[in-house]
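A look at the structure
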Amino acid sequence: PAVASSPILRAGAFEGDESIVEPVLDDALTPTVVDDALLTPPPPPPPKEIEYSELVSRLSTCRETGVCDVERVDFKSAKAEAAVARIGGSERTVLNLPIEDPSNDSSPLKLVARCRDANVPYVFSDLQAALKSTRGSSVLSAPKLPSLPKLF
């Protein structure tokens, strides 16, 4: 541990009297032991983003080992065009999420399948919110059909 002290030099009792200069230790500046932990900088904050390829890699590891730090994935639209992954307790926006292309292995719906295969919970939050807001309204309910006449 480091020791910190700093004496204050006080001049003579009268202004202009520089004949007497004596060190004076202030109580706040008395030697103290400084913990080395206080001298080290705090750890950097967790990242707020994750690349699509890194998330896919983590999900593959989850599937293969059964050990997973990806807690869940929240898709922000019905077509999974935006997503947020919860990893190690922090939310991370998924960057470079590819557009849907059935001929390509990199697509948002393939990411949904990877979550399923890795047993990582996933939700479509915007879709769920839309469904909750329309409950009780006739927006998603089928229209009433007129009754058909009895044939027999």
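See the structure printed just above.
Residues numbered from 1 in each chain as written. Predicted model: local features only at pLDDT ≥ 70, side-chain atom pairs only at ≥ 80, totals over all residues. Heavy atoms only, no water.

**Some remarks on the sheet that holds strand β6 (residues 70-75)**
- Spatially, the five strands line up as an open sheet ordered β5-β8-β7-β6-β9, and their pairing is mixed. Of all the strands in the sheet, just β5 (49-51) and β9 (122-124) have a single pairing partner and so form its edges. When strand polarity is set aside, the average angle formed by the axes of neighbouring strands in this sheet is 30°.
- Sheet strands touched by helix α2 (residues 52-65): β5, β6, β7 (83-87) and β8 (90-95). Its angle to β5, the strand with the most contacts, is close to 80°. (Pairing = 2+ DSSP bridges. Helix = DSSP H or I, 4+ residues; strand = E, 2+ residues; numbered from the N terminus. Axes fitted to C-alpha atoms, helices over the stretch in contact; angles between N-to-C directions. Contact = heavy atoms within 4.5 Å.)

**Some thoughts on the packing of aromatic side chains**
- Following the criterion strictly, the structure yields three aromatic pairs and no others.
- Consider the rings of Phe75 and Tyr122, whose centres lie 6.4 Å apart with planes at 75°: the pair is edge-to-face. A residue pair is termed long-range when its members are at least 10 positions apart, and Phe75 in strand β6 and Tyr122 in strand β9 qualify at 47 residues.
- Among the aromatic residues, ring-to-ring pairing joins Phe75, Tyr122 and Phe124 into one connected group. (Phe/Tyr/Trp six-rings, centres within 6.5 Å; stacked < 30°, edge-to-face > 60°.)

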